[in-house]
Amino acid sequence: MIPEIPMNPTKAYSTNSATSPLAASSIPRRNPTNRDVQIEILYCGVCHSDLHYARNEWGSTQYPAVPGHEIVGRVTQVGSDVTRFRVGDLAGVGCMVDADLECPHCKKGQEQFSPSTVMTYGSPDKHLNLPTYGGYSERIVVDEHFVLNIPSNLNLAGVAPLLCAGITTYSPLRHWKVGPGKKVGIVGLGGLGHMGVKFARAFGAHVVVFSTSESKREDALQLGAHDFVISRNADEMEKHAGSFDFILDCVSADHDINEYLGMLAVDGNLTLVGAPEKPLPVASFGLIMGRKSLSGSLIGGIAETQEMLDFCGEHDITCDIEMIRMDQVNEAYERMLKSDVKYRFVIDMESLKGNPDAS
Ligand code: NAP
Ligand code: ZN
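Residues numbered from 1 in each chain as written. Chains lettered and ligands numbered in written order. Predicted model: local features only at pLDDT ≥ 70, side-chain atom pairs only at ≥ 80, totals over all residues. Heavy atoms only, no water.

Peer 1: An account of the coordination of the zinc ion (ligand 2) is needed here, citing residue identities and associated values.
Peer 2: The coordination sphere of the zinc ion (ligand 2) contains the protein donors Cys-47 (SG), His-69 (NE2) and Cys-164 (SG), at a distance range of 2.0 to 2.2 Å. Look at where the donors of the zinc ion (ligand 2) fall in the sequence and you get C-x21-H-x94-C. Here the residue Cys-47 occupies a position in the loop between strand 3 (36-46) and helix 1 (48-54), and His-69 occupies one in the loop between helix 1 and strand 4 (71-78), the gap between them amounting to 22 residues. Residues Cys-47 and His-69 agree in their burial class; the two are buried. (Donors = N, O, S within 2.8 Å, 3.2 Å for Na, K, Ca; no water. Helix = DSSP H or I, 4+ residues; strand = E, 2+ residues; numbered from the N terminus. Buried < 20%, exposed > 50% of the residue type's maximum accessible area, 1.4 Å probe, protein only.)

See below:
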């Protein structure tokens with residue numbers, strides 16, 4: 001039985017079905033408990049996962065759905081046990097808002113793998129008898145453990161997507177020890193992919209982008225890639241066959257991963273972070289010949305997310321963004337589906353406050 005606790009009506013953007021557009025609405029947020037930080041959201045990134053979720057492409061969406069897990073804002077209230085944040089501080093929230101913090105995964109700093117983890121949207125809320133609601137909203141209330149410190153020297157709107165796109169690429173690149181002397185491929189130059197390029201380059205690797213969009217060639221090199229390959233061009237692909245130590249696949253839609261297994265050197269690894277709606281077929285010989293491995297990676301733990309943000313502060317790394325108003329989010333989804341975003345939409349949440357439709 002979940003005890004009744006006081007709630008605040010909060011302006012948000014939500015959808016009620018897989019086929020309806022997002023629109024202004026009101027959601028309940030709890031008043032901060034002793035452990036909570038309340039944050040006024042200033043910017044929220046638009047991740048492709050938001051679109052998969054809003055449209056129920058993973059089959060588990062609960063409506064009304066409020067996406068958004070690339071959140072930065074200002075602290076407006078803290079509970080009595082909170083020690084790391086004060087009213088007025090900048091703060092970030094990514095894909096997770098709660099977990100037991102006691103299981104072996106949490107103890108290892110890998111909260112993302114704990115069965116108890118509450119995701120920022122679409123998980124059963126521990127406090128309210130509702131699903132969690134994400135960052136397309138004016139404020140959020142989060143257990144202090146899941147609130148991140150924001151480096152003060154970075155552009156705040158460009159920091160927001162680091163909370164998902166940043167950590168999701170940083171974590172596997174670190175795990176697979178990408179660095180000097182390694183040849184690394186990044187597949188799909190979208191929100192995740194462009195951060196993968198920035199991190200792989202900052203870690204000292206030789207970086208090659210695989211893309212379907214010729215229009216992104218110049219940008220890829222500007223972002224730090226050493227080479228750019230149009231994946232639909234067999235001649236360009238052939239030149240790199242069998243040569244990669246590591247490939248990070250950031251593609252959101254159906255595509256042939258066997259082509260990329262063919263790009264790996266002996267003992268090379270292909271890690272999927274992209275989460276398309278449909279399963280991707282794998283030819284076993286693509287792995288057997290060359291002892292190659294195929295794996296996945298899910299965001300990153302809280303300590304590693306802080307490490308990533310601090311690294312970005314030290315190396316002056318932010319996301320390349322296109323700022324939008326809240327009421328442009330449906331159009332942004334359509335553009336994202338056409339791979340037409342350079343390289344992350346970020347919502348200026350001030351535009352939600354001014355929205356007369358939200359109550
Ligand atoms: P995004 O900005 O839309 O980028 C996806 C990119 O994939 C596009 O820019 C495009 O790059 C490429 N692409 C799109 N359709 C394609 C197709 N039919 N064939 C080949 N390439 C195609 O998306 P995102 O926000 O970076 O997210 C990417 C994926 O990662 C999504 O599925 C998302 O749900 C998932 N994700 C996973 C995690 C995790 O923890 N594992 C975290 C966040 C997101 P080019 O134009 O260069 O071809
Ligand atoms: Zn995301």
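Read on, since the account is not over.
Peer 1: Before we move on, can you summarise the site of ligand 1 with the specific residues and values?
Peer 2: In the region of ligand 1, 31 residues are neighbours, and Ser-211, Thr-212, Ser-213, Lys-216 and Arg-344 sit closest. Ala-275 has a polar backbone atom sitting 3.0 Å from an oxygen atom of ligand 1. Take Arg-344: an N or O atom from its side chain is 2.6 Å from an oxygen atom of ligand 1. Out of a free accessible area of 920 Å², ligand 1 has 91% covered by protein chains. Broken down by secondary-structure element, the contributors of at least two residues to the shell around ligand 1 are helix 1 and helix 5 (191-202). Counting residues per element, the shell around ligand 1 draws most heavily on helix 1, which supplies three residues. (Near = heavy atom within 4 Å. Polar contact = N/O pair within 3.5 Å; in protein donor to acceptor, adjacent residues only side chain to side chain. Areas by Shrake-Rupley, 256 points an atom, 1.4 Å probe, with all protein chains shown as cover.)

Peer 1: Tell me about the nonpolar core, residues and numbers included.
Peer 2: The nonpolar side chains of soluble globular proteins are, as a tendency, buried together. By size, the foremost hydrophobic cluster in this structure holds 92 residues, and its most contacted members are Val-46, Tyr-136, Leu-162, Leu-173, Phe-199, Val-329 and Tyr-333. The leading source of residues in this core is strand 3, at seven residues. Apart from residues lying up to four places away in sequence, Tyr-333 is in contact with Leu-22, Val-46, Asp-50, Leu-51, Ala-54, Arg-55, Pro-67 and Tyr-136. Val-229, Val-251, Tyr-260 and Met-263 belong to the second-largest nonpolar core, a separate cluster that totals 15 residues. (Core = buried A, V, L, I, M, F, W, Y, C linked by side-chain atoms within 4.5 Å. Contact = heavy atoms within 4.5 Å.)

Peer 1: Give me the lowdown on the state of the cysteines, citing residues and values where you can.
Peer 2: Where two cysteines share a covalent bond between their sulfur atoms, that bond is called a disulfide. Summed over all chains, the structure comprises zero disulfides. Residue Cys-250 stays outside any disulfide, its sulfur separated by 11 Å from that of Cys-164, the closest cysteine. (Disulfide = S-S within 2.5 Å.)

Peer 1: Describe unusual backbone geometry, with residues and values.
Peer 2: With an omega of 0°, the peptide bond between Tyr-63 and Pro-64 qualifies as cis. Within the fold, Pro-64 resides in the loop between helix 1 and strand 4. Put simply, Lys-342 and Tyr-343 share a cis peptide bond, and its omega is -10°. Inspection of the secondary structure puts Tyr-343 in the loop between helix 11 (329-337) and strand 16 (344-348). Of note in this structure, Leu-101 is not a glycine but carries a positive phi near 65°. Positionally, Leu-101 belongs in the loop between strand 6 (96-98) and helix 2 (104-107). With a phi angle near 55°, Ser-339 is a residue other than glycine that sits in the positive phi range. By secondary structure assignment, the location of Ser-339 is in the loop between helix 11 and strand 16. We classify Ser-339 as partly exposed; its relative accessible area is 36%.

Peer 1: Run through the environment of Arg-35, naming residues and quoting values.
Peer 2: Structurally, Arg-35 is set in the loop between strand 2 (23-30) and strand 3. You can call Arg-35 partly exposed: its relative accessible area is 42%.

Peer 1: Break down the sheet that holds strand 11 (residues 227-230) for me, citing the residues and quoting the values.
Peer 2: Strand order across the open sheet formed by six strands is 11-10-9-12-13-14, with parallel pairing between neighbours. Lying at the two open borders of the sheet, with one neighbouring strand each, are strand 11 and strand 14 (293-296). With direction set aside, neighbouring strand axes in the sheet form an average angle of 20°. In this structure, strand 10 (residues 206-211) lies alongside strand 11, joined through four bridges in parallel fashion. (Pairing = 2+ DSSP bridges. Axes fitted to C-alpha atoms, helices over the stretch in contact; angles between N-to-C directions.)

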